[in-house]
Amino acid sequence: MKKYAVLSMDVEDWYHLDYFKKEECDQSQSTLDGLDIYLDILDRYDIKTTFFIVGELVEVLKDKIKLIQQKGHEICLHSYAHQRPLQLSPEDFRKDTLKGMHTFKEYTDIEVTGYRAPCFSLDRERLEVLRDLGFNFDSSKIKFDAHDLYGRMDLNGFEEFNSVVYKQGSFYEFEASTVEVFGKSLPVSGGGYLRIFPWALTKALLKKYFKTNQHYFFYIHPFEFSKNYNIRIPEKTDFKTKIRFNQGRKSVENKMHKLIKLLKENNYSFVTFNQIMKNEG
Ligand SMILES: [Zn+2]
């Protein structure tokens, strides 16, 4: 059985993170240098993957986005302004998504057909909006018991290919990888967990996951690789959030190399979501 890994990146800046209020952030500071650091890592291992990009960054990043596409990566939408879809009405969600699609078309001539919701915040009603707008796939599903930001998605009528790939007609839903430990779902897919968990723990969880899963879906953000370690975050930010934002940022690059090597040792091929859709037929 062929095994596939998608090492996707959600391209947003530090002030898009849900735990900051964007309007209180000094947006002249950026962590988008982390995008280049990640691209260098991908080049080094000749890995192609999927980038979900926030629409309001497209004008600034337009030349880089075209370069990313030329390198063979897949370009998708991560909302227009990084608002959680479940906090928008379905109509406002449609408007936000259309604005994102039009922005890509205008500045890069790219027609985006894949979507990931900010904070994995998507339900069936909004999923149908995406399908109606012509998207081929979504990757906003995650199983996580202990996190209130994440939405629950009803996939009634979808065929379950395996524990993380679902299909209805020609539309696919890809679920972020989690592993069951003592009856609880723990994410093994997120950059935040790669940063914060010691590598030995991540490795143990991944080895458990690899035993039963043909697909591994991972996501990370530019700020996690950024060398801009002295971002002045809003003064009111509580201690826990400061720790959550900064913890492990200096170690993540090293851990990323370890993750890639571990995936290779376990015979995973690195692909985009689109390639998985093509392979599954
Ligand atoms: Zn995001």
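See above for the structure.
The structure reproduced in this document is the subject of the present report. (Residues numbered from 1 in each chain as written. Predicted model: local features only at pLDDT ≥ 70, side-chain atom pairs only at ≥ 80, totals over all residues. Heavy atoms only, no water.)

**Things to note about the packing of helix H3 (residues 90-108) against helix H4 (residues 124-132)**
Okay, step 1: Between H3 and H4, the least distance of the axes is 10 Å, while the angle of their chain directions is 40 degrees. As far as their axial angle goes, H4 and H3 are oblique. The crossing of H3 and H4 is right-handed. Listed contacts from H4 to Pro90, Phe93, Arg94 and Thr97 of H3 are Glu125, Arg126, Val129, Leu130 and Asp132. (Axes fitted to C-alpha atoms, helices over the stretch in contact; angles between N-to-C directions. Helix = DSSP H or I, 4+ residues; strand = E, 2+ residues; numbered from the N terminus. Parallel < 35°, antiparallel > 145°, perpendicular 65-115°, else oblique. Left-handed = near helix turned anticlockwise from the far one by under 90°. Contact = heavy atoms within 4.5 Å.)

**Some words on a positive patch on the surface**
Okay, step 1: Among the surface-exposed residues, Lys203, Lys207, Lys208, Lys211 and Lys258 lie close enough to one another that they form a single positively charged patch.
Okay, step 2: Among the elements that make up the positive patch, the one with the highest residue count is helix H6 (residues 199-212) (four residues).
Okay, step 3: Here Lys211 lies in helix H6. (Patch = residues over 30% accessible without salt bridge, like charges linked within 9 Å, V, L, I, M, F, W, Y side chains within 5 Å. Areas by Shrake-Rupley, 256 points an atom, 1.4 Å probe, with all protein chains shown as cover. Salt bridge = Lys/Arg side-chain N within 4 Å of Asp/Glu carboxyl O. Lys, Arg positive; Asp, Glu negative; His and termini not counted. Charge placed at Lys NZ, Arg CZ, Asp CG, Glu CD.)

**A short note on the coordination of the zinc ion**
Under ideal tetrahedral coordination, the four donors around a metal are separated by 109.5 degrees; under ideal octahedral coordination, the six donors are separated by 90 or 180 degrees.
Okay, step 1: Looking at the zinc ion, one finds its protein donor set to be Glu12 (OE), His78 (NE2) and His82 (NE2), positioned 2.0 to 2.1 Å from the metal centre.
Okay, step 2: Expressed as a motif, the donor residue spacing for the zinc ion is E-x65-H-x3-H. Of this pair, Glu12 sits in the loop between strand E1 (3-11) and helix H1 (33-44) while His82 sits in the loop between strand E3 (74-77) and H3, and the two are 70 residues apart along the sequence.
Okay, step 3: What makes His82 buried here is its relative accessible area of 10%. (Donors = N, O, S within 2.8 Å, 3.2 Å for Na, K, Ca; no water. Buried < 20%, exposed > 50% of the residue type's maximum accessible area, 1.4 Å probe, protein only.)

**Considering the pattern of salt bridges**
When the charged atoms of two side chains lie near each other, side chains of opposite charge can form a pair.
Okay, step 1: As enumerated under the stated definition, the model contains 19 salt bridges in all.
Okay, step 2: For Arg232, the salt bridge is made with Asp26, and the minimal N-O distance between the two is 2.9 Å. Separated by 206 residues along the polypeptide, Arg232 in the loop between helix H7 (222-225) and helix H8 (239-246) and Asp26 in the loop between E1 and H1 bring together distant segments of the chain.

**Notes on the side chain of Thr97**
Okay, step 1: Summarising the element assignment, Thr97 is placed in helix H3.
Okay, step 2: For Thr97, the contacting residues outside a window of four places in its chain are Leu77, Tyr115, Leu130, Leu133 and Phe135.

**Regarding the pairing of strand E8 (residues 171-175)**
Okay, step 1: In terms of residue burial, E8 counts as a mostly covered element, since five of its five residues are buried.
Okay, step 2: Taking every second residue as pointing to the same face, both faces of E8 are buried, with Phe171, Glu173 and Glu175 on one and Tyr172 and Phe174 on the other.
Okay, step 3: In the sheet, strand E5 (residues 137-141) pairs with E8 via three bridges, with the strands oriented parallel. In the strand pairing of E8, Phe137 is matched with Tyr172.
Okay, step 4: By the bridge criterion, four bridges tie strand E7 (residues 165-168) to E8 in an arrangement that is antiparallel. Bridge pairing links Lys167 to Tyr172 in E8. (Pairing = 2+ DSSP bridges.)

**Here we look at unusual backbone geometry**
Okay, step 1: We note that Asp109 has phi near 60 degrees; this positive angle belongs to a residue other than glycine.
Okay, step 2: Locating Asp109 in the fold gives a position in the loop between H3 and strand E4 (114-115).
Okay, step 3: One non-glycine residue with positive phi stands out, namely Phe120, at about 50 degrees.
Okay, step 4: Inspection of the secondary structure puts Phe120 in the loop between E4 and H4.

**Some remarks on the packing of H1 against helix H9 (residues 252-265)**
Okay, step 1: Two elements in contact, H1 and H9, have axes whose closest approach is 11 Å; the angle formed by their N-to-C orientations is 30 degrees. The orientation of H1 relative to H9 falls into the category roughly parallel. Between H1 and H9 lies a crossing of right-handed hand. Taking contact as the criterion, the partners of Ile37, Tyr38, Ile41 and Arg44 in H1 are, on H9, Glu253, Met256, His257 and Ile260.
Okay, step 2: For the contact of H1 with H9, the class distribution of residues is five nonpolar, one polar and two charged. (Nonpolar A, V, L, I, M, F, W, Y, C, P; charged D, E, K, R; others polar.)

Function-wise, these values are silent; they only describe arrangement.
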